[in-house]
Structure formats: C-alpha cells, structure tokens
Amino acid sequence: MYETDDIDDDETAFLKGRTKSANSEAFERAMKSSKPFLLVHSKSVSLLCLVVLGMSNVVPWLAFISCGDYFTYLFPTRSTGFIFPVLNMSLLTAGTILTTFQGRTLSLYTRLLVTNIIIIFLLLTVPIYIGPSLTENKIEEPTALILTYAVLGLCSLCVAVNQSSCYGVAGVFGGEFICCLESGKGWSGVAIIGIRMGLKFYFGRSGEEREEGRARR
C-alpha cells in the first residue's frame, strides 16, 4: 500500500500514467491475441458489447419482478413475491463462488455467449410454455410452480457466471469498461419498465375494447 502523504504530485501522476498505460496495453494484447466474435478490432465495439452484457446481467431478474401480477394470476395461492428474491440471491451467491474457484475451466466465450443463449431460452419458456400450459390445464399448478422456480434458479446461476466473468474482464482493462457494465444495467431497467408499461397499456386497451363489444351485444 502507498501512503498518499509521501508521494508528490509528479509521482502520483506517474503512477496514474502507468496504470492507464497498463490497462491500455492489456486491452491491445487481448485484441491482438484473440479472435473477437464480430471480428472487429475496435475499442468502441468492445465498450458497446460490455453495455449489452451489463443489460443481460439484470434483465432476467427485472423480468420476473416486473411481472409480479402475472405470477399472482398464475399462482394466486403462492407467495412467489417472497420466494423469488430468496431463490435468486441464494443461487447468485452460489454461482459467484463457483465461478471464482472453477471459472477458468471454461473459456471466456463459453462463459459469456453460452450463458446468454441459455438465459434467453429460459426466459421464453415462461410465457410460451409454462403460462399457457397451466391456464389450459395441460399441467398442474405444483408442476408449473416447480418449473418456474427452476427457470429462475438456472437464470440466476447463468447470470452469476456471466456477471463474474464480465467484471473480471472489465477489472483488467480499467474503470471505463466497468462504467459500461454499470450503464448497461441502468439502461436495461429503463427498457424493461418501458416494455412493461407498453404491454400494460396495450392489454388494458384490448380488455376495454372487448368489454365494450360484449356490452353492445
């Protein structure tokens, strides 16, 4: 550790310059020694990718908590609003610990790309399969509830692996990359809330139109 009182302005500037240079050199070495997914050697594209990855880290959880009324409709006798946070945070912690000790056994592309593909697939199973199957009595409520918990749990594990890997890479390259991850989280919140508001407005108007049509009949 350095005592800041013992370092003059020139030495402080020198240390900051070395840190910035080391981060830049780490980025350049990584770009030269790897084959990026889009095959574009650009720092701007890399920063944009980190914004998108930051969004993917919180979209699964935001999707679940913003659809609380939907899950109340599916499971009216279940306290999903209390179980979801406990399940999510528990598996996030477990996944982060697992990634810390065993993450290097998988390549970075696997930890980032594959986990995001799994998250997208899992999130689509709730509105496409679980919800419709339950309302049409194709599956029973306990089975649908277990499947929903499994989807959230697997999403949490994938997010833990993805998020830990993202911040590990960003920590090597510097604060600019970490800021991109954090900004992605903020933009994802705005996007999810916007989509949610649009859907509620659309379905609300559709419900009112159906009620008016029935009244006219």
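Just so it is clear, the model here is predicted, and its values are computed rather than measured.

1. Here we look at the overall build of the protein chain
Along its length, the protein chain carries seven helices and zero strands. Secondary structure elements of the protein chain occur, N-terminal to C-terminal, as α-α-α-α-α-α-α. Counting the 217 residues in the protein chain, one finds 30% classified as buried. The long-range fraction of contacts in the protein chain, counting pairs at least 24 apart against all pairs at least 6 apart in sequence, stands at 77%.

2. Details of the confidence of the model for the protein chain
Parts of the model with low pLDDT should not have their predicted coordinates read in detail. Residue-level pLDDT values for the protein chain average 77, and 74% of them are 70 or greater. In this model, residues 1-8 is a region of pLDDT below 50 whose contacts with residues beyond four sequence positions or in other chains number four contacts.

3. Topic: helix 2 (residues 43-66)
The end-to-end C-alpha distance of helix 2 is 34 Å, a good match for the 34 Å that 24 residues give at a rise of 1.5 Å each. The largest bend in helix 2 comes to about 40°, at Val-58, with the proline Pro-60 one to four residues further on. Looking at helix 2, one finds that the buried residues are Ser-46, Leu-47, Leu-50, Val-51, Leu-53, Gly-54, Ser-56, Asn-57, Pro-60 and Phe-64.

4. Looking at the side chain of Thr-148
With respect to the secondary-structure elements, Thr-148 resides in helix 6 (residues 141-173). A relative accessible area of 0% means that Thr-148 is categorised as buried. Apart from residues no more than four positions distant in its own chain, Thr-148 is found in contact with Phe-64, Phe-71, Phe-75, Phe-84 and Ile-130.

How each quantity is defined
Residues numbered from 1 in each chain as written. Predicted model: local features only at pLDDT ≥ 70, side-chain atom pairs only at ≥ 80, totals over all residues. Heavy atoms only, no water. Helix = DSSP H or I, 4+ residues; strand = E, 2+ residues; numbered from the N terminus. Buried < 20%, exposed > 50% of the residue type's maximum accessible area, 1.4 Å probe, protein only. Contact = heavy atoms within 4.5 Å. pLDDT = per-residue confidence, 0-100. Expected span 1.5 Å × (residues − 1). Bend = angle between axes of the 7 residues up to and from the residue.

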